[in-house]
Amino acid sequence: MSIRDAYTNWSATYDSDRNMTRDLDAVVTRQLLAGQQYTTILELGCGTGKNTVYLRQIGERVCALDFSEGMIAAARTKLAAEAADNVVFAVADLTQPWPIAAQSVDLIACNLVLEHISDLAFVFSEAHRVARTGGRFFVCELHPFKQYQGKQATFQRAEGQTDIPAFVHHLSAFLDAATDAGFVLKQLREWWHEADQGLPPRLASFMFEK
């Protein structure tokens, strides 16, 4: 099953399935972006809108991209319930040129997406293109330590478990791709879920600046 088809299939239960990685990512995003305000936010891989709900509170305008129509449909429903009138959704493949104008974005947010993309260089290059000078690129991803143990995004259906194809990116790969694109690292942190005591970190977050 392709990554796109897998996420479209998962969209029906993504929010209700037990998922500590998803839950921790939401906590991390809100903690690290708390108290900030942006004119324009670009969300890469918005999924069902779990973080879009928060981003629209700290951004005057939010453009949320995802390549799964099922995920975007779920996100639209969620945001409609909140009467959010400052969010625009678009179906887009992040491995292709993004439908975003150059130097037009103050904050780019990318959560639990890059494990499914093999070429980090292209994503960071596009992020640098669309970011304004001084703009920030926030990335929160499954920690490679988890990937080294064989962990990846999965979901269950009656017919069995679906493992979504993923690529291992070392911490140095994120840093190298960012540096090569022209970003400067402002912060790198590692995160554990409360159930992860004694285990490797579950997530790694980065804040880059153009």
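Residues numbered from 1 in each chain as written. Predicted model: local features only at pLDDT ≥ 70, side-chain atom pairs only at ≥ 80, totals over all residues. Heavy atoms only, no water.

Some details on the pattern of salt bridges
Line of reasoning, step 1. Inspection of every chain in the model, using the stated rule, returns 6 salt bridges.
Line of reasoning, step 2. The partner of Arg-129 in a salt bridge is Glu-126, with the nearest N and O atoms 2.9 Å apart. Pair noted here: Arg-129 and Glu-126 are both in helix H5 (residues 120-130), with a separation of 3 residues, about one helical turn.
Line of reasoning, step 3. On the accessibility criterion, Glu-126 (8% relative accessible area) is buried. (Salt bridge = Lys/Arg side-chain N within 4 Å of Asp/Glu carboxyl O. Helix = DSSP H or I, 4+ residues; strand = E, 2+ residues; numbered from the N terminus. Buried < 20%, exposed > 50% of the residue type's maximum accessible area, 1.4 Å probe, protein only.)

A short note on the pairing of strand S2 (residues 59-66)
Line of reasoning, step 1. Here strand S1 (residues 38-44) pairs with S2 via 6 bridges, running parallel. Across the sheet, residue Glu-43 finds its bridge partner in S2, namely Ala-64.
Line of reasoning, step 2. In this fold, the crossover linking S1 to S2 by way of helix H3 (residues 52-58) has right-handed handedness.
Line of reasoning, step 3. Note that S2 and strand S3 (residues 87-91) share 5 bridges and pair parallel. Note on S3: the bridge partner recorded for Leu-65 is Ala-90.
Line of reasoning, step 4. The parallel pair S2 and S3, bridged by helix H4 (residues 69-81), forms a crossover whose chirality is right-handed. (Pairing = 2+ DSSP bridges. Right-handed = clockwise from strand over helix to strand, strands pointing away.)

Structural notes on the nonpolar core
Line of reasoning, step 1. Core analysis: the biggest nonpolar cluster contains 34 residues, and Val-28, Leu-33, Phe-89 and Phe-138 have the highest contact counts within it.
Line of reasoning, step 2. Setting aside anything within four residues of it in sequence, one finds Phe-89 in contact with Cys-46, Thr-52, Ala-64, Ile-72, Ala-75, Arg-76 and Leu-79.
Line of reasoning, step 3. Listed in part, the 30 residues of the second largest apolar core include Leu-65, Cys-110, Val-139 and Leu-171. (Core = buried A, V, L, I, M, F, W, Y, C linked by side-chain atoms within 4.5 Å. Contact = heavy atoms within 4.5 Å.)

Notes on a nonpolar patch on the surface
Line of reasoning, step 1. A cluster of nonpolar side chains, namely Phe-145, Tyr-148 and Val-168, defines an oily patch on the protein surface of about 290 Å² accessible area.
Line of reasoning, step 2. Tracing the sequence through the fold places Phe-145 in helix H6 (residues 144-148).
Line of reasoning, step 3. Of the residues examined, Phe-145 reaches a relative accessible area of 37% and is grouped as partly exposed. (Patch = residues over 30% accessible without salt bridge, like charges linked within 9 Å, V, L, I, M, F, W, Y side chains within 5 Å. Areas by Shrake-Rupley, 256 points an atom, 1.4 Å probe, with all protein chains shown as cover.)

Describing unusual backbone geometry
Backbone geometry follows two general trends: most residues other than glycine have a negative phi, and most peptide bonds adopt the trans configuration.
Line of reasoning, step 1. Backbone geometry places Gln-103, a non-glycine residue, at a positive phi of 50°.
Line of reasoning, step 2. For Gln-103, the location among the structural elements is in the loop between S3 and strand S4 (105-111).

Some points on the state of the cysteines
Line of reasoning, step 1. Within this structure, the stated rule accounts for 0 disulfides.
Line of reasoning, step 2. The thiol sulfur of Cys-140 is not disulfide-bonded, and the nearest other cysteine sulfur, from Cys-110, lies at 9.6 Å. (Disulfide = S-S within 2.5 Å.)

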